[in-house]
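Chains, contacts and geometry: an overview
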Amino acid sequence: AVANVTTKRPKETERGRFSRERTIFSGRMLKFRLPDTFPACRGRIQFFQQMFQDISGQLPGYKIKTGDERFDQEFTVYTEYQDTPAAILTPELRDRFLQLLEAALLQISVSICNGYMYIAVDWERQFEVDCKISMEEQKQQFLEDANLLSLVERILLEGEKTED
């Protein structure tokens with residue numbers, strides 16, 4: 001499933017009152033049902049790139065390091081149970097997310113829980129109709145968007161390697 005999402009938070013003034021809302025995230029939310037072969041996830045795991053640090057006001061209780069220096073430089077990981085990430089964020093899955101960042105050049109935030117993977121993507125446009133450009137250009141943009149979704153699925157769920 002794919003949806004356009006905007007999350008906002010009211011700004012708090014000096015006197016404790018709230019003023020206008022502040023946009024925390026505006027982009028796409030992708031939802032994937034995890035394969036039955038995926039390890040069961042106890043509680044919720046959430047990880048995101050440093051630039052998405054303020055995407056959620058309710059992070060799980062523990063901030064952890066995976067021990068993978070490259071992954072830990074890119075992502076901050078939170079979990080409800082300290083022992084769960086090791087079973088879920090295997091070296092292979094961490095590598096897949098790093099491949100996705102390199103291949104798609106997207107900013108992402110991920111939450112894994114209840115048999116689903118939710119990925120918030122800082123993606124300016126996706127399957128948008130623009131009456132100011134030709135049908136041929138729109139068709140090309142739609143194909144690029146579909147190819148990117150396919151890439152996400154292949155890398156994360158099927159473990160396809162991208163060419164270096």
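Please read these numbers as outputs of a predicted model, since none were measured by experiment. Numbering of residues starts from 1 in each chain and follows the order in which that chain's sequence is written. With pLDDT at 70 or above as the cut-off, local features in this predicted model cover only qualifying residues; side-chain atom pairs require 80 or more to be listed or tallied, and sums for whole chains, interfaces and linings still use all residues. With hydrogens and water set aside, each side-chain value is computed from the structure's full complement of heavy atoms.

Predictor confidence is given residue by residue as pLDDT, running from a minimum of 0 to a maximum of 100. Mean pLDDT over the protein chain: 77, with 77% of residues reaching 70 or higher. Think of it this way: any DSSP run of H or I at least four residues long counts as a helix, any run of E at least two long counts as a strand, and we number them from the N terminus. The weakest mean pLDDT in the protein chain belongs to strand 1 (residues 2-12) at 74; the strongest belongs to helix 1 (residues 69-74) at 92.

Throughout this description, the term salt bridge denotes a Lys or Arg side-chain nitrogen within 4 Å of a carboxyl oxygen of Asp or Glu. Applying the stated criterion across every chain yields a total of four salt bridges. One salt bridge connects Asp68 with Arg94, and the closest N-O pair in it is separated by 3.2 Å. Here Asp68, found in the loop between strand 4 (62-64) and helix 1, pairs with Arg94, found in helix 3 (residues 91-104); they are 26 residues apart in sequence, far enough to count as distant. Glu92 is the partner of Arg96 in a salt bridge, and the nearest nitrogen-oxygen pair spans 2.5 Å. Note that Arg96 and Glu92 are positioned in helix 3 at a spacing of four residues, about one turn of the helix. Burial classes: relative accessible area under 20% of the type maximum marks a residue as buried, over 50% as exposed, and values in between as partly exposed (1.4 Å probe, protein chains only). A relative accessible area of 13% means that Arg96 is categorised as buried. The class of Glu92 is partly exposed, set by a relative accessible area of 47%.

Now for the packing of aromatic side chains. When the centres of two rings from Phe, Tyr and Trp lie within 6.5 Å, Trp using its six-membered ring, the rings pair. Their planes under 30 degrees apart give stacked, over 60 give edge-to-face, and anything left gives tilted. One pass over the structure, following the stated rule, counts seven aromatic pairs. An angle of 90° between the planes, with centres 4.9 Å apart, marks the rings of Phe47 and Phe97 as edge-to-face. Pair noted here: Phe47 is in strand 3 (residues 45-49) and Phe97 is in helix 3, with a separation of 50 residues, a long-range link. Taking relative accessible area as the criterion, Phe47 reaches 0% and is therefore assigned buried. Residues Tyr116 and Tyr118 carry aromatic rings whose centres are separated by 6.2 Å and whose planes lie at 40° to one another, so their mutual orientation is tilted. When its relative accessible area of 26% is taken as the criterion, Tyr116 is described as partly exposed. Exposure remark for Tyr118: the relative accessible area of 25% places this residue in the partly exposed category. Taken together, Phe47, Phe71, Phe75 and Phe97 form an aromatic cluster joined through their ring pairs. We count a charge as sitting over a ring when the NZ of a lysine or the CZ of an arginine lies within 6 Å of the ring centre and within 35 degrees of the ring normal. Sitting over the face of the ring of Tyr116, Lys31 holds its NZ or CZ atom 4.4 Å from the ring centroid.

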